[in-house]
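Okay, here's what each chain looks like letter by letter:
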Amino acid sequence: MTDGERRSPLDEVHRAAGASFTDFAGWQMPVRYSSDLAEHHAVREAAGLFDLSHMAEILVLGPEAAAALDHALAGRLSAIEEGQAKYSLLLDESGGIIDDLVVYRTGPDRFLVVANAGNRRPAVDAIRERAAGFDCVVDDESDDIALVALQGPKAEEILRNVEGFDIPELDSLRYYRAIDGNFRGHEVLVGRTGYTGEDGFEFFLDPDAAPELWDALAETGAGAGLIPCGLAARDTLRLEAGMPLYGHELSLATLPQQVGLGRVPVLGKEGGFVGEAAVVAGPAADAPVLVGLAAEGRRAGRADYEVFATEDAPDAAGVVTSGALSPTLGHPIAMALIRPELREPGTTVYLDVRGTRIPATVVTLPFYSRKKS
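The structure contained in this document is the topic of the report that follows. (Residues numbered from 1 in each chain as written. Predicted model: local features only at pLDDT ≥ 70, side-chain atom pairs only at ≥ 80, totals over all residues. Heavy atoms only, no water.)

## Considering the nonpolar core
Then, in step 1: With 32 residues, the main nonpolar core has Leu 150, Leu 159, Phe 165, Val 190, Phe 201, Phe 203 and Leu 217 as its most contacted residues.
Then, in step 2: For this core, the element with the highest residue contribution is helix α6 (residues 210-221), accounting for 5 residues.
Then, in step 3: Sequence-distant contacts of Leu 217, defined by excluding residues within four places in its chain, comprise Leu 49, Val 148, Leu 150, Ile 158, Val 162, Phe 203 and Leu 226.
Then, in step 4: Counting 25 residues, the second largest nonpolar core, distinct from the first, contains Ala 56, Ala 68, Leu 73 and Ala 115. (Core = buried A, V, L, I, M, F, W, Y, C linked by side-chain atoms within 4.5 Å. Buried < 20%, exposed > 50% of the residue type's maximum accessible area, 1.4 Å probe, protein only. Helix = DSSP H or I, 4+ residues; strand = E, 2+ residues; numbered from the N terminus. Contact = heavy atoms within 4.5 Å.)

Here it is as structure tokens:
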């Protein structure tokens, strides 16, 4: 490990399991344990266990915490109930996306904001600066919280059988809700949230307790097909589910309307929010828009591959933001930012895959949706 690299509180567990590691926002995180395909299919068919302890957690607490977040973020966080979670955006003055985040209301005047690992400092700084005029405090609790995710159709069955995990209100826990639990004497915030397109849970707890919880989940779920999963499988899972990734689909150069998030900002909130004027003005008429692309064969477009309107067009009409050979669907899929006149489903475009132009069809996102029971 070089200077500046960070390790998860589960690092020793991952190494004992034979994980391969990658640098992610300065963290050494598991990219895979066995094979990307096996881990991906486990989540779609049974369950997968993920370490997300690199994510940033920001506490906003105080009588005006809700008003502060209404000003700082594009959504109306004051409207969510205690125990509810909401996806939102942190924008700059020009409407560009600083980060996309999930906000949990964990008390009447208490909110937990979960930001991307690579945007920890920009998110903390922006929220703290925007909350300065409100009666609340903003604390970066990222180093004091571990985050473990259990995802897949068998996630609830596994969770119910973990010895020593007391979640009194699990029966009433709906999607994008969170409740308090207790794991063998350790307080745990249990959210029914995730980034895979499957049902599942995310557990926020003390880093010292994370290895015991990980082992308990792994042991309980082993017979049901649960396996540990790395960031590679998480990436193909979220791509199939049409979920954007910061630094790929989202950036300071994109406004919410360009990437299918035009409904996230709530206009007309009291006091407004940072970036509201730019959102109202909207992107330029020729600004690229995010679409899904599906192709045949086995050759997939990858991030930064160019997209062309025709097989022989001299100039690119867009760029792939994320792409892979879909393990679930069996054919190449991609998300791309392309010229708006090409956005209609059914339109044929061409991906430049290492010098060969491969036809692809614009499709409606997501590529995959789980079957609801």
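After that view of the structure, there is still more to cover.
## Thoughts on the sheet that holds strand β9 (residues 137-140)
Then, in step 1: Taken together, the 5 strands give an open sheet; going across it, the order is β6-β7-β8-β5-β9, and neighbouring strands pair in antiparallel fashion. Since the sheet does not close on itself, it has two edges, and those belong to β6 (85-91) and β9, each with one partner. Taken pair by pair, the neighbouring strands of this sheet meet at an average axis angle of 30°, ignoring direction.
Then, in step 2: Here β6 pairs with strand β7 (residues 97-107) via 7 bridges, running antiparallel. (Pairing = 2+ DSSP bridges. Axes fitted to C-alpha atoms, helices over the stretch in contact; angles between N-to-C directions.)

## Considerations on helix α7 (residues 231-240)
Then, in step 1: A large share of α7 lies buried, amounting to 9 of its 10 residues.
Then, in step 2: Residues of α7 that are buried include every one of Leu 231, Ala 232, Ala 233, Arg 234, Thr 236, Leu 237, Arg 238, Leu 239 and Glu 240, and no others.
Then, in step 3: Elements in contact with the buried residues of α7: β2 (20-24), β3 (27-32), α2 (36-45), β4 (47-51), β18 (318-325) and β19 (332-338).

## What to know about helix α3 (residues 65-72)
Then, in step 1: With 6 of 8 residues buried, α3 lies mostly within the body of the structure.
Then, in step 2: Contacts from the buried residues of α3 go to β5 (56-61), β6, β7, β8 (110-115) and α4 (120-130).

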